[in-house]
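Letter by letter, the chains look like this.
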Amino acid sequence: MLHPMLITSVEGRDDSTAASFQMIPSLADFSIEKANPRLPCHVIPLSQNRDFVGRRTILEALENALVSPAEHRSVSDSSGEETHLRTFALCGSGGMGKTQIATEFVHRIKAKFDAVFWVRADEPSKIAQSFSRSAVSLGLIDADSMDARDQVLARDAVLGWLANPLKEYKQLDDQRSEEASWFLVFDNVDNPDILDDYWPADSAGSVLITSRDPLAKSYFYSRSDGIALPPLDNSEATKLLLNLTGRRRLTVDERKAATAVAEILGGLPLAITQMAGVIARSDWSFSEFLELYQKESAQTDLFGLQLGPSRARAGDEHTIASVWALQNLQKESAVLLNASSVLDPDGIPEYILEDNPAGKLWEGYPSDSASYQRARTELLQCSLITRQQDTKRIFIHRLIQDAVRAKMSDEQFDVTFSSTLSLLSAVWPYEEFSFGNEIYRWARCEEISPHVFKMQKLFPRFHPPRQLSAFSLEGPKLLLDAAW
Ligand SMILES: Nc1ncnc2c1ncn2[C@@H]1O[C@H](COP(=O)(O)OP(=O)(O)O)[C@@H](O)[C@H]1O
Ligand SMILES: [Mg+2]
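So, a few notes on the structure that sits alongside this text. (Residues numbered from 1 in each chain as written. Chains lettered and ligands numbered in written order. Predicted model: local features only at pLDDT ≥ 70, side-chain atom pairs only at ≥ 80, totals over all residues. Heavy atoms only, no water.)

Our next topic: the overall build of the chain. The helix and strand tally for the chain stands at 18 helices and eleven strands. Classification of the 484 residues of the chain by burial places 48% in the buried group. Carbon and sulfur atoms make up 52% of the accessible area of the chain, which totals about 24,100 Å². (Helix = DSSP H or I, 4+ residues; strand = E, 2+ residues; numbered from the N terminus. Buried < 20%, exposed > 50% of the residue type's maximum accessible area, 1.4 Å probe, protein only. Areas by Shrake-Rupley, 256 points an atom, 1.4 Å probe, with all protein chains shown as cover.)

If you want it as structure tokens, here you go:
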């Protein structure tokens, strides 16, 4: 089928209109006026974590499975050589450190690959967005073109390139272009079926998958290597705790207490990160902390948190850790955290949260820049969120979101839900009757829509107000507009 955007002008012939257009049969036909891919192309959203500890054997296993030995090639060529896709699935419960390992690994090995793509695979809409972004970064699609809006086209362009990853498209076809090496990460594949339409079948490259699903390991094609990620061992866990609390010179007793804390937390990195935040902020010694912790965790009703059976199973230590970290926050920090807990965790643009006019109507919300930054600092210090300075985005772990929402009363949830929807609505570019800013509008919508989708998922818990006001119509208006 002809795609309308693939009608391009023939170079150097702008003398007549009709004659100067040529139909290009399909994007996959690279022989005609195709810009070369922009290489190296490394799309890695998270930066390296300076506090990363341990995991040596896992990183080595990844290296063996996905990088060495040197010949990471090749597609079936004229000699009929078999395709060679290397895959590895990193499985384990939430907060175990899968994303961290994947991030650390790709930063370590990226120089060995011409292209590295990071795909967020927890939602179909996010997979599609990640592929579109990759297509644009690779130069297969122009960011400012209408093509960039066509997610199927973008997906096919990327899959097409992965199957035939030419470094340049030669005009003369007697010379074969060299093939590029590529590495693909599918992060957070909670439902393996989601990959069906995005799997680089018949391609030669390396694919790393992270998943909470223990079955994923066997599901991902029987030939796939994989590992069920264990917790940090005791020395790694203690090291992480000491690094994050910044405590170096310790008495023998304190060191023992630190090891005991790491052990209580089951070596679960997310729990250790949370507790390190609590300990550092409260300026407790490890022994003081141990004493307090043991007293509190003996109570059945942990800070009044209602645990459903599924959540209780997810690991008590972890739930307790998250709840502890939520204690004693300033009101504005707590409200900001509430807002963050109902948005998409993988990057909240700060223009949604900071100095948002709709925030003024939300009691306790940090409505101006100064108070926003104060609240943000507190949440950063408690390791409840992280921030990427260059892209001005906030990240929060899903499990922390779960803990924050579990702790809310239904009333608090309703206020959080409707007020956060208003924050989104205030920055959503509703269509004005003007032309020309389509691309801007689309880029904005693309950025905000994962947050609208997340809220749609949380909608079942929401009790809409009995009396409608103009304010309560913001939400439906946004959901309708976002659905286009
Ligand atoms: N090896 C590690 N070194 C330091 N911190 C880690 C490590 N693994 C995990 N963490 C911490 O634990 C948190 C949760 O890890 P993450 O990789 O996001 O878990 P998962 O992807 O398994 O849910 C991270 O944000 C980070 O703070
Ligand atoms: Mg993860």
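Moving on, we come to the site of ligand 1. Around ligand 1 sit 18 residues in total, of which Gly-95, Lys-98, Thr-99, Gln-100 and His-397 are the nearest. Side-chain polar atom of Thr-273 to an oxygen atom of ligand 1: 3.4 Å apart, as the coordinates give it. For ligand 1, an oxygen atom lies 2.8 Å from a polar atom in the side chain of His-397. Relative to its unbound accessible area of 550 Å², ligand 1 is 89% covered by the protein chains. The set of elements that each furnish at least two residues to the shell around ligand 1 consists of α2 (98–109) and α8 (269–282). (Near = heavy atom within 4 Å. Polar contact = N/O pair within 3.5 Å; in protein donor to acceptor, adjacent residues only side chain to side chain.)

Within the largest apolar cluster, 91 residues are counted, with the highest numbers of intra-cluster contacts made by Leu-66, Phe-183, Leu-337, Leu-353, Leu-384 and Leu-424. Here Leu-353 is in contact with Leu-336, Ala-339, Leu-343, Ile-348, Tyr-365, Tyr-372 and Ile-394, once residues within four sequence places are set aside. (Core = buried A, V, L, I, M, F, W, Y, C linked by side-chain atoms within 4.5 Å. Contact = heavy atoms within 4.5 Å.)

Moving on: the layout of surface pockets. Counted as a void, the second largest pocket has a volume near 720 Å³. Arg-120, Gln-129, Arg-133, Arg-393 and Glu-446 are the residues nearest the centre of the second largest pocket, which is lined by 35 residues in total. Counting only elements with at least two residues in the lining of the second largest pocket, the list comes to β5 (115–120), α3 (124–137), β9 (346–349), β11 (393–395) and α17 (438–458). In terms of residue count, the dominant contributor to the lining of the second largest pocket is α3 (eight residues). Broken down by class, the residue content of the lining of the second largest pocket amounts to 15 nonpolar, ten polar and ten charged. (1 Å grid on protein atoms, 1.4 Å probe; cavity = no way out; pocket = protein on both sides within 12 Å on 5 of 7 lines; lining within 4 Å. Points joined across faces, edges and corners; volume = space filled by probe spheres on them. Nonpolar A, V, L, I, M, F, W, Y, C, P; charged D, E, K, R; others polar.)

To continue, consider the packing of helix α12 (residues 331–340) against helix α14 (residues 369–381). The geometry of α12 relative to α14 is characterised by a closest axis approach of 8 Å and an angle of 80° between their N-to-C directions. With respect to α14, the element α12 is oriented roughly perpendicular. Where α12 approaches α14, its residues Glu-332, Ser-333, Leu-336 and Leu-337 are matched on the opposing element by Ser-371, Tyr-372, Arg-374, Ala-375, Arg-376, Glu-378 and Leu-379. When the residues that make up the contact of α12 with α14 are grouped by side-chain class, the tally is five nonpolar, two polar and four charged. (Axes fitted to C-alpha atoms, helices over the stretch in contact; angles between N-to-C directions. Parallel < 35°, antiparallel > 145°, perpendicular 65-115°, else oblique.)

Applying the stated criterion to the full structure yields 22 salt bridges. Between Asp-122 and Arg-398 there is a salt bridge, and its shortest N-O distance comes to 2.3 Å. Highlighted residues: Asp-122 in the loop between β5 and α3 and Arg-398 in helix α15 (residues 398–407), separated in sequence by 276 residues. Overall, Asp-122 belongs to the buried group, its relative accessible area being 16%. Where Glu-447 meets Arg-393, a salt bridge forms, and the shortest distance between an N and an O atom there is 3.2 Å. Pair noted here: Glu-447 is in helix α17 and Arg-393 is in strand β11, with a separation of 54 residues, a long-range link. Glu-447 gets classed as partly exposed once you look at its relative accessible area, which sits at 27%. Arg-393 sits in the buried class, given a relative accessible area of 18%. What emerges from the salt-bridge pattern is a single network uniting Arg-120, Asp-122, Lys-126, Asp-344, Asp-346 and Arg-398. (Salt bridge = Lys/Arg side-chain N within 4 Å of Asp/Glu carboxyl O.)

Here we come to the sheet that holds strand β7 (residues 205–211). The sheet built from six strands is open, its strands ordered β3-β5-β6-β7-β4-β8 with parallel pairing. Because the sheet does not close on itself, it has two edges, and the strands there are β3 (41–43) and β8 (225–228). Each neighbouring strand pair of the sheet contributes to a mean axis angle of 15°, computed without reference to strand direction. In this sheet, β8 lies alongside strand β4 (residues 85–91) in parallel orientation, the contact comprising four bridges. Counterpart to Leu-90 in the pairing with β8 is Ile-227. Packed on one face of the sheet, helix α1 (residues 56–66) meets β4, β6 (182–187), β7 and β8 and runs near 160° to β4. Packing against the sheet, α2 makes contact with β4, β5, β6 and β7, and its axis sits at approximately 165° to β6. (Pairing = 2+ DSSP bridges.)

A few words now on the sheet that holds β11. The strands making up a sheet are joined through hydrogen bonds of the backbone, oriented either antiparallel or parallel. Strand order across the open sheet formed by three strands is β9-β11-β10, with antiparallel pairing between neighbours. Each end of this open sheet is capped by a strand with a single partner; those strands are β9 and β10 (386–388). Averaged over all pairs of adjacent strands, the angle between their axes in this sheet comes to 35°, without regard to strand direction. Sheet topology note: the β9/β11 ladder contains three bridges and is antiparallel. Following the sheet pairing, Asp-346 is matched in β11 by Phe-395.

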